Every structure is written in C-alpha cells, then in structure tokens.
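# Topology and contacts: notes
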Amino acid sequence: MSSWGPKVQGPSPPSASSRMASECRDFTAHTGYEVLQQRLLDGRKMCKDVEELLRQRAQAEERYGKELVQIARKAGGQTEINSLRASFDSLKQQMEDVGSSHIQLALALRDELRSLEDFRERQKEQRKKYEAVMDRVQKSKLSLYKKAMESKKAYEQKCRDSDDAELAFERISANGQQKQVEKSQNKAKQCKDSAIEAERVYRQHIQQLEKVRAEWEQEHRTTCEAFQLQEFDRLTILRNAMWVHCNQLSMQCVKDDEFYEEVRVTLEGCSIEADIESFIQAKSTGTEPPAPLLYQNYYDREVTLSSSSPAAHPSCGVIKRFSGLLHGSPKTLLLAASAAPTDAPPPSPSRNEGVYAAIAVQEAPGPPMLPAQGYRALYDYRAQNSDELDISAGDILEVILEGEDGWWTVEQNGQRGFVPGSYLEKL
C-alpha cells in the first residue's frame, strides 16, 4: 500500500522507526493522516463484519442444536424390541448429545463475539484520544499559519511603502525646498519604522508557527505509530479469531463423529436373527395352523341323523344344541315354574330354536360318556324330531350322555334318543 511505510510482517509488533509513511509536502494538508484514519475506520467495519459472521453462525448452531434435541426427544421407537430397540435408543441419545454440543458451540462463539466487541470498543476509545490531540494541534497550526500569512502580507506591503517613501525623499532632497525635504524625510522614517514593526510581527508569527508545527509533527508521528500498533493488533486479533473459529468447527465435527461412532458400535451388536427368535419366543401362539372350516349342508346332516341307528355310539359325532332351556339354569327353571302349574310339566325346549354347530371329535371332544344311570321321567314328552324319544311320566330311563345344552341322550327298551334333561330325576 502506497500510504504505508515498512509492511507489517511476522509475529512481532512494529518498532517506533517503522511507523506508517503518511506525511504530505503540503503544509496545510492532512491527507496522510486522513488516509490512516480511514484505514482504521475500514478496519473497524471489518471487525463488525467478523462479529456479524460469528453472531449468525452462533444463531445457526443454536437453532440446529435445539432442533436435534427436539427431534431426538420426539422420536418414537417404543414398539421395537431387543437389540434394534437398543440401537435406536442409542441413536436418539447420541443425537441429543450432538444437539447439546452444538448449543455449547453456540455459547463459545458468543463468548468469542463478546471478546471481539470489547476489543473493537477499546480500539475506538484509544483512537479517539489520539484523534482529539491531532485535531487540536491541526487547528492551532492552521490558525497560526493564517496569521503568519497575513503578517507576511502586511510586512511586504510595509516594505514596499518604505521603499517608495525613501525614493521620494531622495528625489525631493535633490532639488526641492527645505520644508518639503523635511516632510518627505519624516514620511520615509515612519514607513521604515512600520516596516520594521511588521517584520517583527511577521517573524514572531513564524516562530510561533514553527513551534506549533514541531508539536504537530511530533503528535503526527506518535499518532501514526499508535495507529499502526492498533492495526497490527486488529489484524492479529481477527486472524486468531478466524483461526479459533475454524478449530472450533473442526473439533465439533470430531465430537459429532465420536457420538455417531457409539451408535455404529451398538448397530454392530444388533442381531437380526436374535431379534426374530426373541419375538417368536415371547409372542408364540402355536406351532400348527388351525384346521380348515368345511362346508356342511344343513339338510344333509338331518338326513344322516335320521338314517343312522339310534343305538350308534355318540362318539361318532356330537351335535351341540344351544337353546333357552339349559340344564340346571335357575333362570329357565324360575320362568318355567312361574308360567306353569306346579303339577304341570315344564315346557319342552323347542328343537327349532336351537343353533347347530358340528364340531369334530378330534378338535373338541364332547362330554365324557357316563355309566348307565337310572332316572325317572317327571313329565310326558312327545318327540318332535326323528332323533328324539317319547317318554311318559314315571318311565324308568338310563341316561347315556348329559348334554351341556340341556338335551340328554337316554335309552329305553333298547331305543336311544334325546329328551329334555329337566324332565328327569335321578333314582
């Protein structure tokens, strides 16, 4: 840069002899000083630009960290089990830790930001002190320079007047009257005295101006050296700040990788076969599928029952009948008792109201066969279907099978059939 002296290089600050070259040949001009002043103002703006970068980066890191923490805490995964569940929980935990570390990075960036702001304000206060001194000596120099120029102008005019008066005196003294000669002589003497006084004032202003100029030059040198030191400090601080910023980001990347490495370790221990086997052991419902449901025609079943021998063993098939008349049902007995006289037989269950469901003996075996037991019929009953048996009050019957639906299989005189169980009493 043309407005600088020796370039600032290396880690050591510049010496007093390596001040910024900012002098100008024009006595009244302050161009060199103004160039340095503008450089410091530009440096101050650069500090603000770096601060703004750190501020926005800190805000971005904080937002990113908070979003990661929120994502990790809202993530589900409760439906998973075993090793994959553990890996997912580890991922959530490490993601939350990554988010927290980015929030810490944002705090560190804000600390660095505050340091830069404090440094910039300190430089501003120091610069203003030197600027105030420079403004004072510059104003004093300009004021005395103006006075010196005015006194110089008056001195030169007085000298010209004295020369003119001296020439007039010499011309008049050669061939003039005595009175005119005396008058011209007095005027020449007055002009000469005025010129001498103007010279004294002019010389005095020049001496004062030189004194102020020397003071201004010294302050100018001191200010330039201070400004160069400030610029050296500013460049050093900004360079270090950007270096530290890059180091912080690199360390954050390393931390993130360490956190995610923990997740990768848990994923390496995740066993797909073990998870499946564990689920099977915990939730197993059986080793065989259910038997297929076969179609059974209602009328074919009726024909089969009617054509079969009444003496056929009940283990060949069990027809469960669901009706309102269940053996031993207090509700049914109570309704029957309230609806009929005490000496009248209870109403027989309607065979048409039953719900039929054929169940294979192998899938759900029926009630166990009982040894033949003697029962007495309490009421008369007339068969309503071909697989039922007519009974009369007082008949002695042998109960072969007590059906859960209230219909019992009985035998009388070598014939078997269904009768209502509530119509019988044990001997």
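Turning our eyes to something else, we now look at the nonpolar core. Core analysis: the biggest nonpolar cluster contains 14 residues, and Ile-391, Val-399, Trp-408, Val-410, Val-419 and Leu-424 have the highest contact counts within it. Elements that contribute at least two residues to this core include exactly strand 3 (373-377), strand 4 (396-402) and strand 5 (407-412). Of all hydrophobic cores here, the second largest spans 11 residues; its members include Val-50, Leu-105, Ala-106 and Leu-116.

Our next topic: empty space enclosed by the protein. Going through the model one piece at a time under the given rule, you end up with 4 cavities of 30 Å³ or more. Here the largest cavity is characterised by a volume of approximately 70 Å³. Along its surface, the largest cavity is lined by Leu-40, Gly-43, Arg-44, Cys-47, Arg-120, Gln-123, Arg-127, Gln-230 and Arg-234. Put simply, the parts of the chain that give the lining of the largest cavity at least two residues each are helix 1 (31-74), helix 2 (82-175) and helix 3 (178-268). In terms of residues, the lining of the largest cavity owes the most to one element, helix 1, which gives 4 residues.

As a further point, take a negative patch on the surface. Residues Asp-161, Asp-163, Asp-164, Glu-166 and Glu-170 make up a contiguous surface patch of negative charge. With respect to the helices and strands, Glu-166 occurs in helix 2. On the basis of relative accessibility, which here comes to 34%, the residue Glu-166 falls in the partly exposed class.

Now for the pairing of strand 5. Strand 5 sits mainly inside the fold: 5 of its 6 residues count as buried. Relative to strand 5, strand 4 runs antiparallel, the two sharing 4 bridges. Considered in strand 5, the bridge of Glu-402 is made with Trp-408. Counted along the chain from strand 4 to the antiparallel partner strand 5, the turn is 4 residues long, and its residue Gly-406 has a positive phi close to 100°. As judged from the 6 bridges shared by strand 5 and strand 6 (residues 415-420), these two strands associate in the antiparallel manner. The residue of strand 6 that forms the bridge with Val-410 is Gly-417.

Running from N to C, helix 2 and helix 3 point in directions that differ by 170°, and their axes come no closer than 5 Å. Looking at the two axes, helix 2 sits roughly antiparallel to helix 3. Looking at side-chain class alone, the contact of helix 2 with helix 3 contains 43 nonpolar, 26 polar and 20 charged residues.

Okay, the packing of helix 1 against helix 3 next. Relative placement of two packed helices is described by the angle separating their axes and the distance separating the axes. Their axes nearest at 11 Å, the elements helix 1 and helix 3 cross at an angle of 20°. On the basis of their axis angle, the class for helix 1 and helix 3 is roughly parallel. The handedness of the crossing between helix 1 and helix 3 is left-handed. Here the residues of the contact of helix 1 with helix 3 are counted per class, giving 12 nonpolar, 5 polar and 6 charged.

According to the stated counting rule, one finds 27 salt bridges in the structure shown. One salt bridge connects Arg-44 with Glu-121, and the closest N-O pair in it is separated by 3.6 Å. In this pair, Arg-44 is assigned in helix 1 and Glu-121 in helix 2, connecting sequence segments 77 residues apart. With a closest N to O distance of 3.1 Å, Arg-120 and Glu-121 form a salt bridge. Since its relative accessible area comes to 11%, Arg-120 is described here as buried. A single salt-bridge network, built from bridges that share partners, covers Arg-44, Glu-51, Arg-120 and Glu-121.

Now for the sheet that holds strand 4. Across the sheet, 5 strands lie side by side as 6-5-4-3-7; this open sheet has antiparallel pairing. The outermost strands of the open sheet, each flanked by one partner alone, are strand 6 and strand 7 (424-426). Averaged over neighbouring strand pairs, the angle between their axes works out to 45° when direction is ignored. Sheet topology places strand 3 next to strand 4; 4 bridges connect them, and they run antiparallel. Bridge pairing in strand 4 places Arg-376 opposite Ile-396.

This brings us to the packing of aromatic side chains. A complete count under the given rule lists 6 aromatic pairs for this structure. Ring geometry for Tyr-155 and Tyr-202: centres 5.6 Å apart, planes at 15°, overall stacked. Taken as a pair, Tyr-155 in helix 2 and Tyr-202 in helix 3 lie far apart in primary sequence, 47 residues in all. Here the aromatic rings of Tyr-375 and Trp-408 are separated by 5.6 Å at their centres, their planes lie at 85°, and the arrangement is edge-to-face. Here Trp-408 lies in strand 5 and Tyr-375 lies in strand 3, a separation of 33 residues in the sequence. One exposure class covers both Tyr-375 and Trp-408, and it is buried. Each member of the aromatic cluster is reached from another via a ring pair, and the members are Tyr-379, Tyr-381, Trp-407 and Tyr-423. One Lys or Arg, Lys-141, reaches over the ring of Trp-216 and ends 3.7 Å from the middle of that ring.

Before going further, it helps to examine the confidence of the model for the chain. Across the chain, the average pLDDT comes to 79, with 76% of residues at or above 70. This stretch, residues 308-344, has a pLDDT under 50; its non-local contacts, to residues over four places away or in other chains, come to 56 contacts. Long-range and interchain partners of residues 347-367, a stretch whose pLDDT sits below 50, account for 41 contacts in this model, where long-range means more than four residues apart.

Here is what the cut-offs are and how they apply
Residues numbered from 1 in each chain as written. Predicted model: local features only at pLDDT ≥ 70, side-chain atom pairs only at ≥ 80, totals over all residues. Heavy atoms only, no water. Core = buried A, V, L, I, M, F, W, Y, C linked by side-chain atoms within 4.5 Å. Buried < 20%, exposed > 50% of the residue type's maximum accessible area, 1.4 Å probe, protein only. Helix = DSSP H or I, 4+ residues; strand = E, 2+ residues; numbered from the N terminus. 1 Å grid on protein atoms, 1.4 Å probe; cavity = no way out; pocket = protein on both sides within 12 Å on 5 of 7 lines; lining within 4 Å. Points joined across faces, edges and corners; volume = space filled by probe spheres on them. Patch = residues over 30% accessible without salt bridge, like charges linked within 9 Å, V, L, I, M, F, W, Y side chains within 5 Å. Areas by Shrake-Rupley, 256 points an atom, 1.4 Å probe, with all protein chains shown as cover. Salt bridge = Lys/Arg side-chain N within 4 Å of Asp/Glu carboxyl O. Lys, Arg positive; Asp, Glu negative; His and termini not counted. Charge placed at Lys NZ, Arg CZ, Asp CG, Glu CD. Pairing = 2+ DSSP bridges. Axes fitted to C-alpha atoms, helices over the stretch in contact; angles between N-to-C directions. Parallel < 35°, antiparallel > 145°, perpendicular 65-115°, else oblique. Nonpolar A, V, L, I, M, F, W, Y, C, P; charged D, E, K, R; others polar. Left-handed = near helix turned anticlockwise from the far one by under 90°. Phe/Tyr/Trp six-rings, centres within 6.5 Å; stacked < 30°, edge-to-face > 60°. Lys NZ or Arg CZ within 6 Å of the ring centre and 35° of its normal. pLDDT = per-residue confidence, 0-100. Contact = heavy atoms within 4.5 Å.

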